[in-house]
Amino acid sequence: MNKILRISLLVTLCMFFGMSYAQTKFNFDDDADCYKMFGLKGLSQNNVSDGDFTETKTSKAVNGITLTVSAAKGSRVPNRIWNSAPRLRLYSGSLTVASSNAHIKKIVFQLHIKPKSAKWGDGKNKQKKYEYKPCTVNVGALSAYEKDKSKDVTWTGDAPSVELTVMANTQIRNVLVYTDAPVKVEKAADIAAFKALPVNTVAELTLTNAQVVYAWKSKGGIEQAFVRDATGALVFHATGLALKANQTLNGTVTLGRDKYKDIIEAVKVDGTTADKLSVTDGAAAEPKAIAIGEAEANLSDLVKLTDVSIVEDNDKFFAVSGADKMQIYDGFHLGLELSAGEHRNVVGILSVFNGKAQIQPVSAPIATGVHGVKVAHESDAPAYNMAGQRVGADYKGVVIQNGKKFVRK
C-alpha cells in the first residue's frame, strides 16, 4: 500500500545512544514535486535537464534543516533529480546537511541498491554494473558500506552541518536527519483532526469508539491496521500496537502523521504505546456502502461496491458502474480469481495508485447472481463487450462470455 519532492518531514522522537532526538525525513522516492524544494524547473529525464544541478542549490528549510547539493565536478553526468525513483542521483560534488537551530547527531542515507544483474549504459557505450563507492565526510564518521548488501549508510557525530563528498554514482531514496532539537506534540481530537495536521507532525490522537475495520501483516512483517471513527478512517502503519480486526479503541495514543503516495498514515514514534488506550474486542466491522465515484472521500476505509461489472484491461481488473471505473488490486495477496463480464459485490479497503483510487478486496468478491450464467447451455450465457456492457447475439467485435474472450464476426 502502500506506502510532494515530496520532501517528507517526519518529526518524531527517536532513541539513539539513550537520548531522544528529533527526526526530519527528506523522502525522495514518493514525491514527484521534490524539485520545487530546490527551486529547479522540473525533473530530469532523457533529453530533459530541468532537474539538473548546474549550480549549487539549497533546499527550503524543513524544521530548521536544509540540504545543499553542488553541481557535479569532473563528471560527464550532472547531479540531478530524476523523473522516477530513486530521484536524487549524485555523481560527484557534495551534499551538505545543515541545521539552523540544533546540532545534528545522526544522519541515515538510505541508498538505492540495484540488483546484481542490472546494467547501466545506452547500448552504444560499454555497459557496467551500478556500484556505490563510499563517500567521505568532513566531520564525524560514516558506517561501513558492504557491497550489494548495505541499504543504509549512517553518519554519527555532533555538528551543526555535515558535508558529504560524493565519489561516484550515488542514488538516494531518503535522508533522515536526527538533531537534539525539542519535539512539539500536537493534539488531535479525532481522526479527521489528525489527518488535517501538517504532514508528518507528532500528535496525541484521541480515539472515541474507534473500530479496527481490517488488519493485515505483510510477508516482510509490516503490520497495518485500518481504523475508523465517526469522522473518518486512517491507516496505522507499522505502529507496533498489535491491533486486530474488529477491536474497539478508546483513549489516546501518540503517533507521527505521515503521508505515503497520497495516503495519510499514522506511524510509530518514540512515544507510541498502548498505555493510554482501552482495547476491547467487538463485532465484525460493517463495510460502508459507496459508489465508485465516492472512493477518494473514503480512503483507508472498509467499503462495499454493489453489483459492479468486472472488466479486464491490460491484464488488470476493474470495477465498473456506469461511467465510473476503479481498479481492483489484490494488495493483501488473497489470491483472488476474477473473470471479465461478471457482476459482483466487492468489499475492501480503499487506497491510491498513480493518483487514482483503487480497492483492495479483503475477501474474494461475491457474484451477485443477477447477471450470472442462466443454466444449461454455454451459448445461453450472457455476453459482454470490453467495457463490461451486456451485448446481444448480433453484436460484432470482442465478446466476453463464460469468462472467455473471443471475436464475434
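Residues numbered from 1 in each chain as written. Predicted model: local features only at pLDDT ≥ 70, side-chain atom pairs only at ≥ 80, totals over all residues. Heavy atoms only, no water.

**Comments concerning the environment of aspartate 158**
- As for its position among the elements, aspartate 158 is in strand β13 (residues 152-159).
- With 18 residues separating them along the chain, aspartate 158 and glycine 140 place their C-alpha atoms 7.1 Å apart.
- Only 2.4 Å separates the side chain of aspartate 158 from the side chain of histidine 103, close enough to count as a polar contact.
- Here lysine 105 takes part through its side chain, which lies 2.6 Å from a polar atom of the side chain of aspartate 158. (Helix = DSSP H or I, 4+ residues; strand = E, 2+ residues; numbered from the N terminus. Polar contact = N/O pair within 3.5 Å; in protein donor to acceptor, adjacent residues only side chain to side chain.)

**A word on the pattern of salt bridges**
- Scanning all chains against the criterion turns up eight salt bridges.
- A salt bridge links lysine 184 to glutamate 186; its shortest N-O distance comes to 3.8 Å.
- Lysine 325 is the salt-bridge partner of aspartate 313, the closest N and O atoms lying 3.6 Å from each other. Of this pair, aspartate 313 sits in strand β24 (residues 302-313) while lysine 325 sits in strand β26 (residues 324-328), and the two are 12 residues apart along the sequence. (Salt bridge = Lys/Arg side-chain N within 4 Å of Asp/Glu carboxyl O.)

**Overview of the pairing of strand β14 (residues 161-165)**
- Burial along β14 is one-sided: the residues Val162 and Leu164 are buried and none of Ser161, Glu163 and Thr165 is.
- Relative to β14, strand β9 (residues 94-99) runs antiparallel, the two sharing five bridges. When the sheet's bridge partners are listed, serine 94 is paired in β14 with threonine 165.
- Inspection of the sheet shows strand β11 (residues 136-137) paired to β14 by two bridges, in the antiparallel sense. Across the sheet, residue threonine 136 finds its bridge partner in β14, namely threonine 165. (Buried < 20%, exposed > 50% of the residue type's maximum accessible area, 1.4 Å probe, protein only. Pairing = 2+ DSSP bridges.)

**Overview of the confidence of the model for the chain**
- Confidence along the chain averages 83 in pLDDT terms, with 80% of residues attaining 70 or more.
- Scored below 50 in pLDDT, residues 1-19 shows 92 contacts in the model against residues more than four places distant or in partner chains. (pLDDT = per-residue confidence, 0-100. Contact = heavy atoms within 4.5 Å.)

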